[in-house]
Amino acid sequence: MKQVVKTTNGPIEYRLTGKGESMILILNGGHCSNCTFPIPFETFLTNHGYQLMIPSRPGYGNTPSSTGRTAEQFADMLIEVLDVLDISSVTVLAISAGGRTALQLAGRHPDRVEKLILQGALTHDDWPDKKIKLLSYLLFNPVVEKGLWHFFRFLIQKYPLGALKIMMKSFTTQPVEQVIRQMSDEQQMEAISFLRLLQSGSGFLNDIRHRSGDLSRIQAPALIIHSKNDGSNPVTHAEYAAKHIPHAELFLSDAESHLIWFSDHHKIIKEKVVQFLKT
């Protein structure tokens, strides 16, 4: 069930799921519409006894951009949410574009972050380049993005496998046909269901402006997971984080794309995550 906390900068929408003494704060990726967007490994984590808090990041769902136009601002507002909920510290798990907020949170508030997990996350500030930034403003501004995603949902309804192939071109460095063949029918359907729910709001325009800050401030142990074949966020992001976060472990996966959850290699990734959480 969605809930809202009012912070100094504005409301933050979030949901809680699972039971357990240990809390994992999950920062979802770009275009993930709101806090109800499906987390592919959600059941896996709750079955292992973790409680999850998933906020709608600024510009997504009912969290307005004004709550945190920068990663620094949103990190500080998340601390206010933790204070309201009387949560002393959390493990932070960040996916893709959620990475920069996670890095700011761990760097600015080291006493509130026990552990940090990055999955295919943006970390260095060389992304986006001018071309990607221009395309983002053209395609994902709030006026255009609704129609764009509406057309994509129409396409995915009529030609699901074809739409998956189109999207996969931006997610992998491998030949798309080869990646699709390596996915089981179930993984293909799960990926299609995942992509069908994408929506940018005004959130993605915030994401491309976010910055990670000084990673050397981070005191929490960090597990950095990244696909060697990630076509969305190059592996240089993972290497950068591993180099600059003092207590970091880098795990490069053979998953076929940025969508590491829809791959047989995700079984190994889940084992790494559980091992890291329990250590």
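As shown above, the structure is provided for reference.
Nothing here was measured: the structure is a model prediction, and the numbers come from that model. (Residues numbered from 1 in each chain as written. Predicted model: local features only at pLDDT ≥ 70, side-chain atom pairs only at ≥ 80, totals over all residues. Heavy atoms only, no water.)

## Notes on the pattern of salt bridges
Summed over all chains, the structure comprises 9 salt bridges. A salt bridge links Arg57 to Asp207; the shortest N-O distance between them is 2.7 Å. A residue pair is termed long-range when its members are at least 10 positions apart, and Arg57 in the loop between strand E4 (50-55) and helix H2 (71-84) and Asp207 in helix H9 (residues 203-207) qualify at 150 residues. Taking relative accessible area as the criterion, Asp207 reaches 2% and is therefore assigned buried. A salt bridge links Asp83 to Arg112; the shortest N-O distance between them is 2.9 Å. You can see Asp83 sitting in helix H2 and its partner Arg112 sitting in the loop between helix H3 (99-108) and strand E6 (113-119), a full 29 residues away along the chain. (Salt bridge = Lys/Arg side-chain N within 4 Å of Asp/Glu carboxyl O. Helix = DSSP H or I, 4+ residues; strand = E, 2+ residues; numbered from the N terminus. Buried < 20%, exposed > 50% of the residue type's maximum accessible area, 1.4 Å probe, protein only.)

## Some words on the sheet that holds strand E2 (residues 11-17)
Across the sheet, 8 strands lie side by side as E1-E2-E4-E3-E5-E6-E7-E8; this open sheet has mixed pairing. Strands with a single pairing partner mark the edges of an open sheet, and in this sheet they are strand E1 (2-6) and strand E8 (248-253). For this sheet, the mean inter-axis angle between neighbouring strands, taken without regard to orientation, is 25 degrees. Two strands pair when backbone bridges link them, and strand E5 (residues 90-95) and E6 are joined in this way by 6 bridges, in the parallel orientation. Bridge pairing in E6 links Leu93 to Ile117. (Pairing = 2+ DSSP bridges. Axes fitted to C-alpha atoms, helices over the stretch in contact; angles between N-to-C directions.)

## Thoughts on unusual backbone geometry
The linkage connecting Trp127 with the following residue, Pro128, adopts the cis geometry, with an omega of 0 degrees. With respect to the element layout, Pro128 can be found in the loop between E6 and helix H4 (130-139). Although it is not a glycine, Asp86 adopts a positive phi angle of roughly 60 degrees. Note that Asp86 resides in the loop between H2 and E5. Taking the relative accessible area as the measure of exposure, Asp86 reaches 71% and is therefore exposed. Non-glycine residue Ser96 carries a positive phi angle of around 50 degrees. For Ser96, the position within the fold is in the loop between E5 and H3.

## Let's talk about the environment of Met1
Counting through the fold element by element, Met1 comes out in the segment before E1. Look at Met1 and you get exposed, because its relative accessible area is 79%. Along the backbone, Met1 and Pro58 are 57 residues apart, and their C-alpha atoms lie at a distance of 19 Å. Leaving out residues up to four positions away in the same chain, Met1 has contacts with Tyr14, Arg15 and Leu16. (Contact = heavy atoms within 4.5 Å.)

## Examining the nonpolar core
What tends to happen in soluble globular proteins is that the nonpolar side chains get buried as a cluster. Ranked by size, the top nonpolar core spans 54 residues in total, and within it Ile26, Phe41, Leu45 and Leu195 carry the most contacts. The dominant element in this core, judged by the number of residues it contributes, is helix H11 (residues 266-278), at 5 residues. If you look at the next biggest cluster of nonpolar residues, it comprises 34 residues, including Leu78, Ala106, Leu118 and Ala241. (Core = buried A, V, L, I, M, F, W, Y, C linked by side-chain atoms within 4.5 Å.)

## Side note on the packing of aromatic side chains
Taken as a whole, this structure holds 8 aromatic pairs when the rule is applied. Judged by centre distance (6.1 Å) and plane angle (20 degrees), the rings of Phe140 and Trp149 are stacked. Residue Phe140 shares its accessibility class with Trp149, and that shared class is buried. A centroid spacing of 5.3 Å and a plane angle of 75 degrees characterise the contact between Phe140 and Phe204, whose relative ring orientation is edge-to-face. Within this pair, whereas Phe140 is found in the loop between H4 and helix H5 (145-158), its partner Phe204 is found in helix H9, the two being separated by 64 residues in sequence. We note that Phe140, like Phe204, is buried. Cluster of aromatic residues (ring-pair linked, three or more members): Trp127, Phe140, Trp149, Phe152 and Phe204. Across the ring face of Phe276, the terminal group of Lys115 is positioned such that the distance to the ring centre comes to 5.3 Å. (Phe/Tyr/Trp six-rings, centres within 6.5 Å; stacked < 30°, edge-to-face > 60°. Lys NZ or Arg CZ within 6 Å of the ring centre and 35° of its normal.)

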